[in-house]
Every structure is written in C-alpha cells, then in structure tokens.
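So the chains spell out like this:
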Amino acid sequence: MFTQTPARDLADHYDRMASNYDKFHRRWLRHAGGEAQAALEALVRALITTDTDLLDAGCGTGTLARTLIAEGMSPAKMTLLDPSDAMLARCSDIPAVQVKGRLESLPFEDAKFDIVTCAWALETVPHPNLALKELCRVVRPGGVLCLAFCANFPARGLADGLMRQALLWRGSGQFLSHGHVIHTLENAGEFVVRSVPSTGPAATLLAKRKEKIGTTSIAV
Ligand SMILES: C[S@@+](CC[C@H](N)C(=O)[O-])C[C@H]1O[C@@H](n2cnc3c(N)ncnc32)[C@H](O)[C@@H]1O
C-alpha cells in the first residue's frame, strides 16, 4: 500500500518553493529521474495528434507543456492543473487553459481528455489511490494516462541516493510502490498498463483505457 506517502497536503510547500523549483527539479532529472521523464515525453510525442485534448495534472511550472509546445503541439488543446498559485503563476506565459485544482477531485467531466499526463505529482498527494481513480475517470475510452513518479526501486549510485535523501528531507514527495500503482490501475478494470523500463528510483507507466466505458473501481 501507499504507506510512505505524505500525510499532509503539499500545495503550500510548493507555493513556497516555486521560485527555486526548476533548479531543484533539473538536478533531480539529471541524477535520478531523467530516464523516466524522457520515457514519458517519448510516449506523449508518439501518441499526440493535432486534435488531442491533453490534461497535465500537477503541471508545476509547466515543464512538460513547454517541451510539447516547442515541438509543435498547440497549447489551445492543453489544460494545466495545479493546486499551487505560485506554481501556476509560473505557467502564466503558456497560452493553455489553467485550472487551480487537486488530483483527488479533478474539476472535469468524465472521459474528457485523450491524454492525461501526471509527472512527479502522484507521490506528492496524501491519497494516491483517490488521485489515480480521478486520473482514470477523466481519460476517454481509448485514451491514455501517462505517469512518471518516484518509485521504490534501488538507487543506482551515490548521486541518485543523495537525490532521494534530499527529496525525503525536503518533504516534497515520497517513493511509491511501483507494483501497487500498476495493481491499482489494473484493478480499475478498464485499463491495460505497460511499464516503460528505466533504471533509478523512478518509473514511467502507460495506462490505456479500453474502448468500452464502465465505472472505474479503484478502492479509496
Ligand atoms: C514535483 S512537482 C511536479 C511538477 C511538474 N509536473 C514537473 O514535471 O515539473 C509536484 C507538483 O504537484 C503539485 N501538487 C501538490 N499537491 C497536489 C495535489 N493534491 N493535486 C495536484 N497537484 C499537486 C505541486 O504544486 C507541484 O506543482
């Protein structure tokens, strides 16, 4: 189960660290999460079309959105969601729909998006099961959920291990059980899950919603 997840809501924490976030996050990507981030971006790149409605949930400072826009995706079909005003303020130059909200209660109708991305945010919420249920709910039948998160894999070396300790010390997230996230998504009944292999304490998952719609059954 998700026993190590933060017990408290971290939106305030991210409000305070917004001005330094990109610097810390670049370090995390360089030493630990870069492969998982590259895999997530490659998945989205492979799946996206000009008509794709995309939600980036827990968008932070808009790193993923900026990358996709630089590669030609129209921001007009993009929705960015985050609970932190300060993080959202750093996205103000991105001409996409911006919504203040939480993963655990997404303010969107069922099956609204073709692609839902969630990078490094699932591990920051107190109730990841509820967040997964909500993320699944807003994916349209035939659409996909792409996740990158800090996972409970062994560290690869000193830098990777130190990054993990720094993240735990700052209290900005935890390391989720990879198996439990997969199990939770598969148990929802409507998703076929693929894990993208990478090394280090991070994981990338692609969960494709089957075409036939029903009710997701993730227990919260
Ligand atoms: C580690 S950052 C990741 C940001 C971005 N996705 C990226 O790749 O750089 C975690 C983000 O999750 C947001 N967050 C914290 N609690 C959240 C919640 N309950 N629902 C949605 N996002 C949340 C934080 O405000 C922060 O922007």
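Positions within a chain are numbered from 1, following the residues in the order the chain's sequence is written. Reporting of local features is limited, given that this is a predicted model, to residues whose pLDDT is at least 70; pairs of side-chain atoms are given and counted only at 80 or more, and all residues count toward the totals for whole chains, interfaces and linings. The side-chain figures draw on all heavy atoms in the structure; neither hydrogens nor water molecules are used.

Colleague: Looking at this structure, how should I read the site of the ligand?
Modeller: By convention in these notes, a residue is near a molecule or strand provided one of its non-hydrogen atoms lies within 4 Å of it. The immediate surroundings of the ligand are formed by 19 residues, with Tyr 21, Gly 58, Asp 82, Leu 103 and Ala 119 found nearest. Here a polar contact means two N or O atoms within 3.5 Å. Within protein one must be a hydrogen donor candidate and the other an acceptor candidate, and residues neighboring in sequence count only if both atoms are side-chain atoms. In the environment of the ligand, an oxygen atom lies 2.7 Å from a nitrogen or oxygen atom belonging to the side chain of Tyr 21. Between the ligand and Gly 58 there is a distance of 2.7 Å, counted from a nitrogen atom to a backbone nitrogen or oxygen. Each accessible area is a Shrake-Rupley result for a 1.4 Å probe, and residues are judged covered by the shown protein chains and nothing else. Here the ligand has 590 Å² of accessible area as a free molecule, and 97% of this is covered by the chains. Helix and strand definitions here come from DSSP, where helices need a minimum of 4 consecutive H or I residues and strands a minimum of 2 consecutive E residues; each element is numbered from the N-terminal end. Counting residues per element, the shell around the ligand draws most heavily on helix α1 (residues 11–47), which supplies three residues. Under the scheme applied, nonpolar residues are Ala, Val, Leu, Ile, Met, Phe, Trp, Tyr, Cys and Pro; charged residues are Asp, Glu, Lys and Arg; polar residues are all the others, including Gly. Partitioned by chemical class, the residues of the shell around the ligand number 10 nonpolar, six polar and three charged.

Colleague: Would you mind going over the environment of Leu 147 with me for this structure?
Modeller: Within the secondary structure layout, Leu 147 lies in strand β5 (residues 139–150). Classification of Leu 147 by relative accessible area gives buried; the value is 1%. Remark: the alpha-carbon pair of Leu 147 and Leu 135, spanning 12 residues in sequence, is separated by 10.0 Å. For Leu 147, the contacting residues outside a window of four places in its chain are Leu 40, Cys 118, Leu 122, Leu 132, Leu 135, Val 181, Leu 185, Ala 203, Thr 204 and Leu 205. For every residue, the accessible area obtained with a 1.4 Å probe (protein chains only) is divided by the maximum for its type, and the residue is called buried under 20%, exposed over 50%, and partly exposed between those limits. Contacts between residues were defined by any pair of non-hydrogen atoms, one from each residue, lying within 4.5 Å.

Colleague: What should I look at first to understand the pattern of salt bridges in this one?
Modeller: Close approach of charged atoms allows side chains with opposite charge to pair. Salt bridges are defined by distance alone: a side-chain nitrogen of Lys or Arg within 4 Å of a carboxyl oxygen of Asp or Glu. Throughout the structure, instances matching the rule amount to nine salt bridges. For Asp 110, the salt bridge goes to Arg 137, with nearest N and O atoms at 2.8 Å. Within this pair, whereas Asp 110 is found in the loop between β3 (97–100) and β4 (113–119), its partner Arg 137 is found in helix α4 (residues 128–137), the two being separated by 27 residues in sequence. Its relative accessible area of 18% is what places Arg 137 among the buried residues. Residues joined in a network through salt bridges with shared partners are Glu 41, Arg 45 and Glu 71.

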